[in-house]
Amino acid sequence: MSARVISSISELRETLAPCRQAGEVIGLVPTMGALHEGHGRLIGQAVRDSGCVVVSVFVNPIQFNDQQDYRLYPRSLDADVEFCERRGAAIVFAPAVEEMYPRPLKSSVEVAGLTERLCGEFRPGHFRGVATVVLKLLQIVQPERAYFGEKDAQQLAVIRRMVADLNVPVTIVGVATVREPDGLALSSRNRRLSAAERELAPVFFRALEAARKRIASGERDAAAVKQAALAVLEQPGIRVEYLEIVDPDEMQPAPAIEGRVLVAGAIWLGSTRLIDNLICEPG
Ligand code: PAF
């Protein structure tokens, strides 16, 4: 099946109108491109659930707090379109920056309380940029369902909260993280790792697993769990940005582990920043 590539909002709306009139379920998979098997799982789930799947490919400038990071973000539209086609997505929506932001933006979405910690602490304005572009995409496509990866757990919590608070008529579907056989979570940023960094990278998952095991074996003290994970990450070549144990919905620190918690972190390998997380249940 060939995917239709659309870059204008009005053309996208015109294309979707007959699908909507025919009562087809429209599914949206928002991405920034450089698609990998993690996105493949989102698209696959959307294709199973919906009559018409739109994959948006847009490197959103307003969610980058670092212009260098924005410039270096991998872009590969032709390969992304082929990837979407192979998985049965009907439409790739790939707007230019001017189409999404034709004038200086005076309105934005702030999801207070969920965005100050974890990634939000180190990437000021990032979640405002994410929530704003996701709301715009939801308004443009008006899907029944929208799919997001659990690897970006804080992003998923922020989007769920925004949609609930603002009564956006869409179901948000979280899809499990896809990992390499050695545990490294798939990410577009993995392409930037050198061979040596790639070899070191699975330590991140091992650290999260160490936390999970401590929690499963009955440890209730979050500080002790965190220490166990940090000990695994103490390796030359790794800089830990944060590692936190939080409530999975509110993203607030859980000093004592009494129920499900999210162990989430960000590390730097050279100039590449990776994030990952695991949901952990007390034993
Ligand atoms: O997860 C991403 O790729 C982006 O943050 C998203 C949701 C597409 C918004 O730009």
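So, here's what we can say about the structure. (Residues numbered from 1 in each chain as written. Predicted model: local features only at pLDDT ≥ 70, side-chain atom pairs only at ≥ 80, totals over all residues. Heavy atoms only, no water.)

1. Examining the sheet that holds strand S6 (residues 171–175)
Phase 1: One open sheet accounts for 6 strands, arranged S1-S4-S3-S2-S5-S6; its pairing is parallel. A single partner strand is all that each edge strand has here, and the edge strands are strand S1 (4–6) and S6. Averaged over all neighbouring strand pairs, the angle between strand axes comes to 25°, with direction disregarded.
Phase 2: Where strand S3 (residues 52–57) and strand S4 (residues 91–93) come together, 3 bridges link them in parallel fashion. Within the sheet, the bridge partner assigned to valine 54 lies in S4 and is isoleucine 91. (Pairing = 2+ DSSP bridges. Helix = DSSP H or I, 4+ residues; strand = E, 2+ residues; numbered from the N terminus. Axes fitted to C-alpha atoms, helices over the stretch in contact; angles between N-to-C directions.)

2. Comments concerning the packing of aromatic side chains
Phase 1: By the definition in use, this model includes 4 aromatic pairs.
Phase 2: Relative to tyrosine 242, the ring of phenylalanine 122 lies with its centre 5.9 Å away and its plane at 10°, an arrangement referred to as stacked. Remark: tyrosine 242 occurs in strand S7 (residues 238–246) and phenylalanine 122 occurs in helix H6 (residues 119–122); sequence separation between them is 120 residues.
Phase 3: Since its relative accessible area comes to 7%, tyrosine 242 is described here as buried.
Phase 4: Taken together, Phe64, Tyr70 and Tyr73 form an aromatic cluster joined through their ring pairs.
Phase 5: In this structure, arginine 75 is placed above the aromatic ring of tyrosine 70, and the distance from its NZ or CZ to the ring centre is 4.9 Å.
Phase 6: Geometry around phenylalanine 83 places arginine 87 over its ring, the cationic atom sitting 3.8 Å from the centre. (Phe/Tyr/Trp six-rings, centres within 6.5 Å; stacked < 30°, edge-to-face > 60°. Buried < 20%, exposed > 50% of the residue type's maximum accessible area, 1.4 Å probe, protein only. Lys NZ or Arg CZ within 6 Å of the ring centre and 35° of its normal.)

3. Focus: the pattern of salt bridges
Phase 1: Going through the model one piece at a time under the given rule, you end up with 17 salt bridges.
Phase 2: Measuring nitrogen to oxygen at the nearest pair gives 2.8 Å for the salt bridge that ties arginine 212 to glutamate 209. Highlighted residues: arginine 212 and glutamate 209, both in helix H10 (residues 203–216), separated by 3 residues, approximately one helical turn.
Phase 3: On the accessibility criterion, arginine 212 (30% relative accessible area) is partly exposed.
Phase 4: Given the relative accessible area of 18%, glutamate 209 is considered buried.
Phase 5: In this structure, glutamate 281 engages arginine 260 in a salt bridge whose closest nitrogen and oxygen atoms are separated by 3.5 Å. You can see glutamate 281 sitting in the segment after strand S9 (272–280) and its partner arginine 260 sitting in the loop between S7 and strand S8 (261–269), a full 21 residues away along the chain.
Phase 6: Classification of glutamate 281 as partly exposed rests on a relative accessible area of 47%.
Phase 7: Connected through shared salt-bridge partners, Asp69, Arg123, Arg189 and Arg192 make up one network. (Salt bridge = Lys/Arg side-chain N within 4 Å of Asp/Glu carboxyl O.)

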